[in-house]
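Reading the structure
Residues per chain are reported as follows:
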Amino acid sequence: IYAESAIVMEASTGTILYNKDMDMVTYPASITKIMTALVTLEHCSLDEVVTYSYYATHSIEAGSSSIGTTEGEELTVEESLYALLLESANECGNGLAEHVAGSIDAFVEMMNEKARDIGMKQTHFSNPSGLDEEDEGNLSTVKEMAILYRYCCQNPLFNQIVKTKEYKRLDGKGYWHNKNRLLKEYPYCVGGKTGYTKKAKRTLITRAIKKQVDLIIVTFNCGNDFEFH
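What comes next is a walk through the structure. All values derive from a computational prediction rather than experimental measurement.

1. Remarks on the overall build of the protein chain
- Looking only at helices and strands, the protein chain features eight helices and nine strands.
- Whereas a compact globule of 229 residues would reach a radius of gyration of roughly 17 Å, the protein chain reaches 16 Å, a difference of no more than 12%.
- Based on the C-alpha atoms only, the size of the protein chain along its principal axes is roughly 45 × 40 × 35 Å.
- In the protein chain, which comprises 229 residues, the share counted as buried stands at 52%.
- Of the roughly 10,600 Å² of accessible surface on the protein chain, 49% is carried by carbon and sulfur atoms.
- Here the protein chain carries 23 positive and 32 negative side-chain charges, and the mean point of each set is 10 Å from the other.

In structure tokens form, the structure reads like this:
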């Protein structure tokens, strides 16, 4: 593989089957949203209503992934999580953060506390979306993101969301589609998360199950692209 760093982890035991520079600290991009979803799921009910602020909808980087949420718009936590993990909507990361913790900064503290609790010693989150920042950005390793994903797999709601190919909005205004092409192209894929920023290049987490083999694969810096995720 030509990814700069990578890991294959057996999900049930955490056994590392393959690694390439698995402890190299770099940018995970939108894989960050996995932690955003985890913290939200542990503190909210799906039917709670998220009211999107001006800051949540207007502070994201121009051209980055969005579902076009406007100031004052209301979505449930469920809708927001599906938009976050399927469409990689950056404003939904902000909206969920403000809903859960009152502010994005307070939510980021919760993200980092959770990371420490589950053994992510080299990881630091600075926003709920994974978008690049000029100074202190989101940093992690493929090993620690595999640890995070393995932890998330214990949550049935998380597993349901990440394996969903298409989600119909509760208000009937259309569908959100999962950007993870492996769900359509590889029959054993049961979820994951894509990512891309200029600094991170392409990142990816994939989980695949075939018979009794359950694997989590994480790759960082897999080349360039013109889209933000």
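2. Focus: a nonpolar patch on the surface
- On the surface, Ile1, Leu17 and Tyr18 cluster together into a nonpolar patch covering about 340 Å² of accessible area.
- Within the element layout of this structure, leucine 17 appears in strand β2 (residues 16–20).

3. Describing the sheet that holds strand β1 (residues 5–10)
- Spatially, β2-β1-β9-β8-β7 is the arrangement adopted by the five strands of the open sheet, whose pairing is antiparallel. Where the open sheet ends on each side, the last strands, each with one partner, are β2 and β7 (189–197). For this sheet, the mean inter-axis angle between neighbouring strands, taken without regard to orientation, is 5°.
- As paired elements, strand β8 (residues 201–210) and strand β9 (residues 213–220) share seven bridges and run antiparallel to each other. Residue arginine 207 lies in a different strand from β9, and its bridge partner there is isoleucine 216.
- Taken strand by strand, helix α6 (residues 142–152) contacts β1, β2, β7, β8 and β9, and its axis lies near 35° from that of β1.

4. Here's the deal with the packing of aromatic side chains
- Tallied over the entire structure, the rule returns four aromatic pairs.
- When the centroid spacing of 4.0 Å and the interplanar angle of 10° are considered together, the rings of tyrosine 82 and tyrosine 167 count as stacked. Taken together, the residues tyrosine 82 in helix α3 (residues 77–86) and tyrosine 167 in strand β5 (residues 166–168) connect sequence positions 85 residues apart. An identical accessibility class is assigned to tyrosine 82 and tyrosine 167; each is buried.
- Ring geometry for tyrosine 186 versus tyrosine 188: centroids 5.4 Å apart, planes at 70°, classification edge-to-face.
- The partly exposed category is assigned to tyrosine 188, whose relative accessible area is 31%.

5. Structural notes on α6
- Among the residues making up α6, those that are buried are Val142, Glu144, Met145, Ala146, Leu148, Tyr149 and Cys152.
- Looking at the buried side of α6, the elements it contacts are β1, α1 (33–43), α7 (156–162), β7, β8 and β9.

6. Details of the pattern of salt bridges
- Here the structure, examined in full by the defined rule, presents four salt bridges.
- Of the charged contacts in the structure, one is a salt bridge between glutamate 73 and arginine 169, with a shortest N-O distance of 3.7 Å. Taken together, the positions of glutamate 73 in the loop between α2 (54–58) and β4 (74–76) and arginine 169 in the loop between β5 and β6 (175–177) put the pair 96 residues apart, joining distant regions of the chain.
- A residue is classified by how much of its surface remains accessible, and glutamate 73, at 22% relative accessible area, is partly exposed.

7. With respect to unusual backbone geometry
- One non-glycine residue, alanine 29, lies in the positive phi region at around 60°.
- Secondary-structure assignment places alanine 29 in the loop between β2 and α1.
- One non-glycine residue, lysine 201, lies in positive phi territory at about 60°.

8. A look at the nonpolar core
- Judged by nonpolar contacts, the single largest core of 52 residues is most densely connected at Met35, Leu148 and Val218.
- Listed by contribution, the elements that provide at least two residues to this core are β1, α1, α3, α4 (90–101), α5 (104–117), α6, α7 and β9.
- Apart from residues lying up to four places away in sequence, methionine 35 is in contact with Met111, Lys114, Ala115, Ile118, Met120, Phe125 and Leu148.

What counts and how
Residues numbered from 1 in each chain as written. Predicted model: local features only at pLDDT ≥ 70, side-chain atom pairs only at ≥ 80, totals over all residues. Heavy atoms only, no water. Helix = DSSP H or I, 4+ residues; strand = E, 2+ residues; numbered from the N terminus. Rg over C-alpha atoms; globule rule 2.2 N^0.38 Å. Buried < 20%, exposed > 50% of the residue type's maximum accessible area, 1.4 Å probe, protein only. Areas by Shrake-Rupley, 256 points an atom, 1.4 Å probe, with all protein chains shown as cover. Lys, Arg positive; Asp, Glu negative; His and termini not counted. Charge placed at Lys NZ, Arg CZ, Asp CG, Glu CD. Patch = residues over 30% accessible without salt bridge, like charges linked within 9 Å, V, L, I, M, F, W, Y side chains within 5 Å. Salt bridge = Lys/Arg side-chain N within 4 Å of Asp/Glu carboxyl O. Pairing = 2+ DSSP bridges. Axes fitted to C-alpha atoms, helices over the stretch in contact; angles between N-to-C directions. Contact = heavy atoms within 4.5 Å. Phe/Tyr/Trp six-rings, centres within 6.5 Å; stacked < 30°, edge-to-face > 60°. Core = buried A, V, L, I, M, F, W, Y, C linked by side-chain atoms within 4.5 Å.

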